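Spelled out, the chains give:
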Amino acid sequence: MDPIGLSDTAESSKLMQPALAKAFNQVLTQGDFINGAAVSTFAQALGKYLRVASVIPCGNGTDALQIALMALNLPFGSEVIVPAFNYVAAMEAVALLGLVPVLADVLPDTFNLDPTSVIAKISAKTRAIIVVHLFGQCADLAALLQISRLHQLYLIEDNAQSLGAQYKSQNGSTFYAGTVGHIGTTSFFPTKMLGALGDGGAIFTNDLKMATSMQQIARHGQQQKYQYEQIGVNSRLDTLQAAFLSVKLKFLNNNIAQRQLRAQEYGNLLHRLPLVKIPGRADYSTHVFNQYVVQVPEVHRDKLRQYLQQHQIPTAVYYPTPLHVQPAYRYLNYHSGNFPVAETVCQKVVALPMHTALTLDQVQYIAQHIITYFETHS
Ligand SMILES: *Cc1c(COP(=O)(O)O)cnc(C)c1O
């Protein structure tokens, strides 16, 4: 059996290698390395895929969040609600702009923002919610949209992990994750659903005024060259990366289907284990399984990981520590105990290998070792 990777960035590109090489040569010949033709071609193709009016490419997924927040023009000290169980990017962008990150707890089954916790955190200073669709599945957008309308809050979707996931609204229509709120953001980091061969990111919106503003912000706030309308940043998607991404976009649906097949197999093999909780599924969303994250009792988590490692099965923990106890954010005065679900899931989560190059035999090998671990350790 081939070595098992946690994620895969080389093997799955093999299939696309001729097309990627062709894209590279085309850009090399044209020499338009910055803001080249391939950038707008890719933005249009992604917009068409997602059925969203505007796609603004930028440097990475963290920049995308910062640019989205800048476009909201919120007064200093405005509060923005972000999940406590999350990657740091959203909280960081909020804090960098002189806004106040206000954390909310997540749901224990889906790991996504708990609307009840969000409601409890709304104050007179709240202006926005950043919802993060974690691991490949949408958060409860119906509830969050309702909250955002009721309290007149902006809703930003951080869709770095769930590009291609579809949200089913209550009236039955479906929308791609990242196109439901006022602004959506994503990352093209190589291990994400649509991964570049380097860094990249994008912002989505159906609001054309906001799109114009964000386009400006990403280019030093300029409308025309050397004329600055607002304070901006420099955040660009390289032409080369855009050309690669146009190729990879054609494989996104296949990537999703392959991951779903592997998730199905993991689920079939693991769901009967009383000590393993397979990823909870929401009826309002598809799941694209950017990560396959199970939960096991805290006392077993590290021992299980060690056991699997001994059998050449890599695992990861996303995320080991909730944001409210991170040293950098001590000034917000949170304490352990503030977000019980986030704290608990941090102790229980294990991400299993998940990518298109993973064979079903490998999935069975991994599941069998998890089964054996619990037979011999409980
Ligand atoms: C990866 C990721 C980001 C940041 O993306 P970069 O391109 O690495 O800046 C932001 N939010 C979430 C949830 C992510 O997973």
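Rules behind the numbers
Residues numbered from 1 in each chain as written. Predicted model: local features only at pLDDT ≥ 70, side-chain atom pairs only at ≥ 80, totals over all residues. Heavy atoms only, no water. UniProt positions renumbered as here; feature names shortened; annotations may be inferred. Helix = DSSP H or I, 4+ residues; strand = E, 2+ residues; numbered from the N terminus. Contact = heavy atoms within 4.5 Å. Near = heavy atom within 4 Å. Polar contact = N/O pair within 3.5 Å; in protein donor to acceptor, adjacent residues only side chain to side chain. Areas by Shrake-Rupley, 256 points an atom, 1.4 Å probe, with all protein chains shown as cover. Nonpolar A, V, L, I, M, F, W, Y, C, P; charged D, E, K, R; others polar. Pairing = 2+ DSSP bridges. Axes fitted to C-alpha atoms, helices over the stretch in contact; angles between N-to-C directions. Domains from an automatic or database assignment. Buried area = accessible area lost by both parts, 1.4 Å probe. Salt bridge = Lys/Arg side-chain N within 4 Å of Asp/Glu carboxyl O. Buried < 20%, exposed > 50% of the residue type's maximum accessible area, 1.4 Å probe, protein only. Expected span 1.5 Å × (residues − 1). Patch = residues over 30% accessible without salt bridge, like charges linked within 9 Å, V, L, I, M, F, W, Y side chains within 5 Å. Parallel < 35°, antiparallel > 145°, perpendicular 65-115°, else oblique. Left-handed = near helix turned anticlockwise from the far one by under 90°.

**Q** Quick question: what am I supposed to make of the UniProt feature "active site" (unreviewed entry) in the protein here?
**A** As recorded in UniProt, the sites labelled "active site" (unreviewed entry) are K192. Inspection of the secondary structure assignment puts K192 in the loop between β8 (183-187) and β9 (201-205). Apart from the residues within four sequence positions on either side, K192 is in contact with A160, S187 and N290.

**Q** Can you walk me through the site of the ligand in this structure?
**A** Around the ligand, the structure places 13 residues, and the nearest of them are G61, T62, D158, S187 and K192. For the ligand, a nitrogen atom lies 2.7 Å from a polar atom in the side chain of D158. Summarising the interface, the protein chains cover 92% of the accessible area of the ligand, which totals 390 Å² for the free molecule. A per-class count over the shell around the ligand returns 4 nonpolar, 7 polar and 2 charged.

**Q** Looking at this model, I keep getting lost on the sheet that holds strand β1 (residues 54-58). Mind explaining?
**A** Sheets are built from strands paired through backbone hydrogen bonds, the pairs being either parallel or antiparallel. Judged by pairing direction, the sheet is mixed, and its 7 strands sit side by side in the order β1-β9-β8-β5-β4-β2-β3 without closing on themselves. In the strand order of this sheet, the two ends are held by β1 and β3 (100-104), each with one partner. For this sheet, the mean inter-axis angle between neighbouring strands, taken without regard to orientation, is 25°. Here strand β4 (residues 126-132) pairs with strand β5 (residues 154-158) via 5 bridges, running parallel. Counterpart to A128 in the pairing with β5 is Y154.

**Q** I tried to follow the domain arrangement of the protein on my own but got confused; where do I start?
**A** How big an interface is tends to be stated in terms of accessible area lost as the parts join. As far as domains go, the protein holds domain 1 (9-246) and domain 2 (251-376). Just the C-alpha atoms count here: the centres of domain 1 and domain 2 sit 24 Å apart. Counting residues at the interface gives 46 residues for domain 1 and 40 residues for domain 2. Between domain 1 and domain 2 lies a buried interface of about 3700 Å² when both sides are counted; carbon and sulfur atoms form 63% of it. Here domain 1 and domain 2 share 1 salt bridge between them. Between K277 and D109 there is a salt bridge, with the nearest N and O atoms lying 2.8 Å from each other. When contributions to the side of domain 1 that touches domain 2 are tallied by element, the ones reaching two or more residues are α4 (89-96), β3 and β6 (166-168). Ranked by residue count, the leading element in the side of domain 1 that touches domain 2 is β3, at 5 residues.

**Q** What exactly am I supposed to notice about the pattern of salt bridges here?
**A** Think of it this way: side chains of opposite charge can pair up when their charged atoms draw near. A complete count under the given rule lists 2 salt bridges for this structure. D302 is the partner of R301 in a salt bridge, and the nearest nitrogen-oxygen pair spans 2.9 Å. You can call R301 buried: its relative accessible area is 7%. Residue classification places D302 among the partly exposed positions, given a relative accessible area of 48%.

**Q** Hey, could you run me through helix α9 (residues 252-270) in this one?
**A** Along its 19 residues, α9 runs 27 Å from first to last C-alpha, staying within 8% of the 27 Å computed at 1.5 Å per residue. Considered for burial, the residues of α9 that qualify are L252, N255, I256, R259, R262, A263, E265, Y266, G267 and L270. Where α9 is buried, its residues meet α2 (37-50), α8 (239-249), β12 (292-295), β13 (349-352) and α12 (360-377).

**Q** Is there a simple way to think about a nonpolar patch on the surface in this case?
**A** Taken together, the side chains of F24, L28, F33 and I34 define a hydrophobic patch exposed on the protein surface, amounting to about 370 Å² of accessible area. Residue placement: F33 occurs in the loop between α1 (17-30) and α2.

**Q** How do you make sense of the side chain of Q362 when you look at a structure like this?
**A** Within the element layout of this structure, Q362 appears in helix α12. For Q362, a relative accessible area of 4% puts it in the buried group. Separated by 3.0 Å, the side chain of Q362 and the backbone oxygen of D2 make a polar contact. Setting aside residues no more than four positions away along its own chain, Q362 makes contact with M1, D2, P3, I4 and A357.

**Q** Help me understand the side chain of S148 in this model?
**A** Along the chain, S148 turns up in helix α6 (residues 141-150). Not counting the four nearest positions on each side in its chain, S148 is found in contact with L153 and L155.

**Q** Would you mind showing me how to read the packing of helix α3 (residues 61-72) against helix α7 (residues 208-218) here?
**A** When two helices pack together, their arrangement is given by the angle between their axes and by how far apart the axes lie. At a closest axis distance of 9 Å, the pairing of α3 and α7 adopts a crossing angle of 120°. One way to sum up the angle between α3 and α7 is to call them oblique. Between α3 and α7 the crossing geometry is right-handed. Listed contacts from α7 to I67, A68, M70, A71 and L72 of α3 are M210, S213, M214, I217 and A218.

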